[in-house]
Amino acid sequence: MLELKKVSKFYNDDGNINTGILKVDLKLNIGEFVIITGESGSGKSTLLNVISGLDSYEEGEMYINGKETSHYNKYDFEEYRKKYIANIFQDFNLINSYTVYQNIELMMILNGYSKKDIKKRVLEIIDKVGLTKFKNTKVSKLSGGQKQRVAIARAVVKDTPIIVADEPTGNLDTKSAQNVIEILKNIAKDKLVIIVTHNIEQFEQYATRIIKMHDGEIIENKEIKQIDENTKAKECNNKNIKIKNIVKLGVRNTFNIKTKFVLLFLIFFLVTTTLFFEYSNFKYAEYQESLDGSSTYFKDVSDNRILIKKEDGTPFTRRRL
Ligand code: ADP
Ligand code: MG
């Protein structure tokens, strides 16, 4: 379902051309649990970013379900990512001031799911990664292992056929890492899971394919378990975010951090009171001046000026003679 033919990616670093990946040939299918390994700088992240549609490529062709992608522009790649890709990052990329539930819900809101689908599915996934007890806990209060489980839940909830993870256990202790790997393995059944890791032993027993990279090239591509090649990736029917939900997120983002809300309120209070005092001072000064017989309309005039007002305050009108 995903195929790369002689794909190269180069980086232009102040005029120096760096090779990210070089003429990579690769064919991956649904149901595979792929491990990519290699020393630092060997192109693992670049390969993952190209597959994820986060990086474009300069040479070769990448096919998804047999369709070419080399002509894709930024928006095509956004669509591609929506339909096919879920990312799990080493540093979790979660919103710390949101609860576990809200972090996962956010992904569904952003992908245009309806309200009734969201609640059921979010709770289901939270249960799957074993965090039901923490569903209303803010992410900032969780351990590294728990955070990574939230990140996995958030990736899975999107229901895309491909899940990519760059060093998902890189920041975890052995026990949490094991836990995370088990969850990833269970997910892999009807998806293509691609994992970049330094620590191949952690994943080895589950891998269906192990790929080794060196200087941007694949130097070893070992199929450990054969997977049916003809399974087509089910496109994920993600839509755009609904207006109602944009408002909901705006309100949530204003109120979710207590100190932020208090600060916003204080700033609002200061600005409005300052404006109010400025305005009333101005009005008062204007009134005082008018008592003295001057007004804003008659500034800078001679001291000998005589001001005539009608007693009843009505304006003077010109009488035709
Ligand atoms: P790995 O993930 O295996 O450590 P990377 O894919 O990050 O390797 O990097 C592969 C090569 O591409 C390295 O030589 C690196 O210096 C280069 N590279 C990666 N990202 C960039 C970038 N944004 N700008 C310039 N060079 C980059
Ligand atoms: Mg990397």
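In this text, all values refer to a predicted model and were calculated from it rather than measured experimentally.

Our focus in this paragraph is the sheet that holds strand β6 (residues 85-88). Strand order in the open sheet formed by six strands is β6-β7-β8-β3-β9-β10, with mixed pairing between adjacent strands. The open sheet has two edge strands, β6 and β10 (217-223), and neither has a second partner. For this sheet, the mean inter-axis angle between neighbouring strands, taken without regard to orientation, is 20°. Relative to strand β7 (residues 162-166), β6 runs parallel, the two sharing four bridges. Bridge assignment links I85 to a residue of β7, and that residue is I162.

All right, on to helix α6 (residues 174-187) then. When the terminal C-alpha atoms of α6 are compared, their 20 Å separation across 14 residues agrees well with the 20 Å that a helix rising 1.5 Å per residue should span. Three or more residues of α6 are buried, namely S176, A177, V180, I181, I183, L184 and I187. Down the axis of α6, the sector holding all buried residues measures 160°, keeping them to one side. Of the exposed residues in α6, the ones pointing more than 90 degrees away from its buried face are T174 and K175.

Our next topic: the sheet that holds strand β2 (residues 16-28). The strand order across the open sheet formed by four strands is β2-β1-β4-β5, and the pairing between neighbours is antiparallel. If you trace the sheet from one side to the other, it starts and ends with β2 and β5 (67-68), each paired once. Pairing analysis gives nine bridges linking strand β1 (residues 2-13) to β2, with the strands arranged antiparallel. Note on β2: the bridge partner recorded for D13 is N16.

Below, the discussion takes up the pattern of salt bridges. Note that side chains of opposite charge can pair when their charged atoms are close. Taken as a whole and assessed by the stated rule, the structure comprises 10 salt bridges. Of the charged contacts in the structure, one is a salt bridge between D159 and K191, with a shortest N-O distance of 3.2 Å. Of this pair, D159 sits in the loop between α5 (144-157) and β7 while K191 sits in the loop between α6 and β8 (192-196), placing them 32 residues apart in sequence. Accessibility expressed as a relative area gives 30% for D159, which makes it partly exposed. For K191, a relative accessible area of 7% puts it in the buried group. A cluster of three or more residues bridged by salt bridges with shared partners is formed by E32, R209 and E223.

This paragraph deals with the domain arrangement of the protein chain. Each domain of the protein chain was delimited in the assignment, giving domain 1 (2-254) and domain 2 (257-321). The gap between the C-alpha centroids of domain 1 and domain 2 is 62 Å.

Bringing the site of ligand 1 into the picture now. Taken together, Y11, N18, T19, G20, E39, S40, G41, S42, G43, K44, S45 and T46 are the residues near ligand 1. In the model, an oxygen atom of ligand 1 is placed 2.7 Å from a nitrogen or oxygen of the G41 main chain. Separating an oxygen atom of ligand 1 from a backbone N or O atom of S42 is a distance of 3.2 Å. Bound to the protein, ligand 1 loses 63% of the 550 Å² it would expose on its own. Looking at the shell around ligand 1, the elements that each hand over two or more residues are β2 and α1 (44-52). Of the residues belonging to the shell around ligand 1, the class tally is one nonpolar, nine polar and two charged.

Tracing the sequence through the fold places R209 in strand β9 (residues 209-214). What makes R209 buried here is its relative accessible area of 8%. Not counting residues up to four positions away in its chain, the partners in contact with R209 are K27, L28, E32, F33, V34, I35, N221, K222, E223 and I224.

The relation between two aromatic rings is expressed through the spacing of the ring centres and the mutual angle of the planes. Taken as a whole, this structure holds six aromatic pairs when the rule is applied. Here the aromatic rings of Y80 and Y84 are separated by 5.5 Å at their centres, their planes lie at 50°, and the arrangement is tilted. Placement of both Y80 and Y84 in helix α2 (residues 74-84) is noted, with a separation of four residues, approximately one turn of the helix. Assigned by exposure class, Y80 and Y84 land together as buried.

Calculation rules
Residues numbered from 1 in each chain as written. Chains lettered and ligands numbered in written order. Predicted model: local features only at pLDDT ≥ 70, side-chain atom pairs only at ≥ 80, totals over all residues. Heavy atoms only, no water. Pairing = 2+ DSSP bridges. Helix = DSSP H or I, 4+ residues; strand = E, 2+ residues; numbered from the N terminus. Axes fitted to C-alpha atoms, helices over the stretch in contact; angles between N-to-C directions. Expected span 1.5 Å × (residues − 1). Buried < 20%, exposed > 50% of the residue type's maximum accessible area, 1.4 Å probe, protein only. Arc of directions from axis to C-beta. Salt bridge = Lys/Arg side-chain N within 4 Å of Asp/Glu carboxyl O. Domains from an automatic or database assignment. Near = heavy atom within 4 Å. Polar contact = N/O pair within 3.5 Å; in protein donor to acceptor, adjacent residues only side chain to side chain. Areas by Shrake-Rupley, 256 points an atom, 1.4 Å probe, with all protein chains shown as cover. Nonpolar A, V, L, I, M, F, W, Y, C, P; charged D, E, K, R; others polar. Contact = heavy atoms within 4.5 Å. Phe/Tyr/Trp six-rings, centres within 6.5 Å; stacked < 30°, edge-to-face > 60°.

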